[in-house]
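Fold and contact review
This is what each chain is made of:
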Amino acid sequence: MRATLESTADGILVVNEEGRIETYNANFAEIWGLPRHATREAINEAAVLHTILDQLVSPELFLQGIRELYSRSDDEVCDVLHCKDGRIFERFSRPQLIGSQVAGRVWSFRDITDQRRAEAALRESEERFRVLAEVSPVGIFSVDASGLTTFVNARWSEFAGVPVAEGLKHGWAQALHPGDRDRVMTTWNKAVRAGTPWTAEFRFVRADGTLTWLVGQSRPQRNATGDTSGHVATITDVTSL
């Protein structure tokens, strides 16, 4: 059991059926700044609890959750703990059973701080892109790695005379002038497959017959491994030039 506890990357805490601490692993001790002694005889439960509570943003909610859980001893729980120093832990607990009898409970704590910060940074980046796209004087669209359009801005919709929702997937091709469609789609699909930049001059024709001359440009987006994850493109109205 000790080898199993120490082989996991999570912090593990084991309690008996009375809620008393039986043992914990080295990662649990490191997470909370506890002594690494993990035998029941060497553990000061009051000190362990005080040390954990002192680091939490909402210690009262932590205690309340434990009390409620122990009143329903066969429940599983998964939640998130926020620490005063900015760390974030995912906490999971399930009962230990001997037959159908609850003999204790195992708690695991996983540091998800970097994951949550990355998610927050992504949301901030997406919001920044959305705001820029809304105020941009050029049409903007983005596609995934397969070339399916996932986003068009209002300016693009105005140029194309196509509602935003209809411009998604392959919908943007319907706005291309029939005389330009094959040429543009051939060069576009080639750039998407190769993950290379793309530039083309072409016409959009609206349902009322209005023509708009445009210059389109795209650049590939790369993921952490350097693979192409999509393209971001702009279309600029050059009709009056």
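Coordinates for the structure precede this section.
Residues numbered from 1 in each chain as written. Predicted model: local features only at pLDDT ≥ 70, side-chain atom pairs only at ≥ 80, totals over all residues. Heavy atoms only, no water.

Formed by 23 residues in total, the largest nonpolar core has its most connected members in F141, W156, W172, W188, F202, F204 and I235. For this core, the secondary-structure elements that each account for two or more residues are β6 (139-144), α6 (154-160), α7 (178-194), β8 (198-205) and β10 (228-237). Tallying contributions element by element places α7 first for this core, with five residues. Residues contacting W172, with those up to four places away along its chain left out, are T149, W156, E166, G167, V184, M185, W188 and F204. Core analysis: the second largest hydrophobic core is formed by 22 residues, A29, W32, I52 and F89 among them. (Core = buried A, V, L, I, M, F, W, Y, C linked by side-chain atoms within 4.5 Å. Buried < 20%, exposed > 50% of the residue type's maximum accessible area, 1.4 Å probe, protein only. Helix = DSSP H or I, 4+ residues; strand = E, 2+ residues; numbered from the N terminus. Contact = heavy atoms within 4.5 Å.)

Taken in spatial order, the five strands of this open sheet run β2-β1-β5-β4-β3, and their pairing is antiparallel. Edge strands, defined here as strands with exactly one partner in the open sheet, are β2 (21-24) and β3 (77-82). Adjacent strand axes in the sheet meet at a mean angle of 20°, parallel and antiparallel pairs treated alike. Both strand β4 (residues 88-98) and strand β5 (residues 101-111) contribute to a ladder of ten bridges, which runs antiparallel. Residue pairing in the sheet places E90 in a bridge with R110 of β5. Strand contacts of helix α4 (residues 59-71): β1 (11-16), β3, β4 and β5, with the helix running at about 150° to β5, the strand carrying the most contacts. (Pairing = 2+ DSSP bridges. Axes fitted to C-alpha atoms, helices over the stretch in contact; angles between N-to-C directions.)

This next bit is on the side chain of R105. Relative to the helices and strands, R105 is located in strand β5. Among the polar contacts made by the side chain of R105, one reaches the side chain of S93 at a distance of 2.9 Å. (Polar contact = N/O pair within 3.5 Å; in protein donor to acceptor, adjacent residues only side chain to side chain.)

The next thing to look at is the packing of helix α3 (residues 45-55) against α4. Helix packing for two helices is described by the angle between their axes and how far apart those axes are. Contact pair α3 / α4: the axes reach a minimum separation of 8 Å and the direction vectors enclose 130°. As judged from the angle between their axes, α3 and α4 are oblique. When α3 is examined against α4, the residues L49, I52 and L53 are found in contact with a partner set consisting of P59, F62 and L63. Across the contact of α3 with α4, the residue classes tally to six nonpolar, no polar and no charged. (Parallel < 35°, antiparallel > 145°, perpendicular 65-115°, else oblique. Nonpolar A, V, L, I, M, F, W, Y, C, P; charged D, E, K, R; others polar.)

This part takes up the environment of S58. One can find S58 in the loop between α3 and α4. Take S58: its relative accessible area is 33%, and that puts it in the partly exposed class. Remark: the alpha-carbon pair of S58 and V80, spanning 22 residues in sequence, is separated by 11 Å.

All right, on to α7 then. Owing to its 3.6 residues per turn, the α-helix brings residues three or four apart onto one side. With 17 residues, α7 should cover 24 Å at 1.5 Å per step; its first-to-last C-alpha distance of 25 Å lies within 8% of that length. All of the buried residues in α7 are D180, V184, M185, W188, A191 and V192. Turning to α7, the residues buried within the fold contact β6, β8, β9 (211-222) and β10. (Expected span 1.5 Å × (residues − 1).)

This brings us to the packing of aromatic side chains. Tallied over the entire structure, the rule returns twelve aromatic pairs. Taking 5.9 Å as the distance between ring centres and 90° as the angle between the ring planes, the aromatic pair formed by W32 and F109 counts as edge-to-face. Highlighted residues: W32 in helix α2 (residues 26-32) and F109 in strand β5, separated in sequence by 77 residues. In this structure, W32 and F109 share a single accessibility class: buried. Between F141 and W188, the aromatic rings sit 5.6 Å apart at their centres with planes inclined by 55°, giving tilted as the arrangement. Of this pair, F141 sits in strand β6 while W188 sits in helix α7, and the two are 47 residues apart along the sequence. The ring centre of W32 lies 6.0 Å from the NZ or CZ of R87, which sits over that ring. (Phe/Tyr/Trp six-rings, centres within 6.5 Å; stacked < 30°, edge-to-face > 60°. Lys NZ or Arg CZ within 6 Å of the ring centre and 35° of its normal.)

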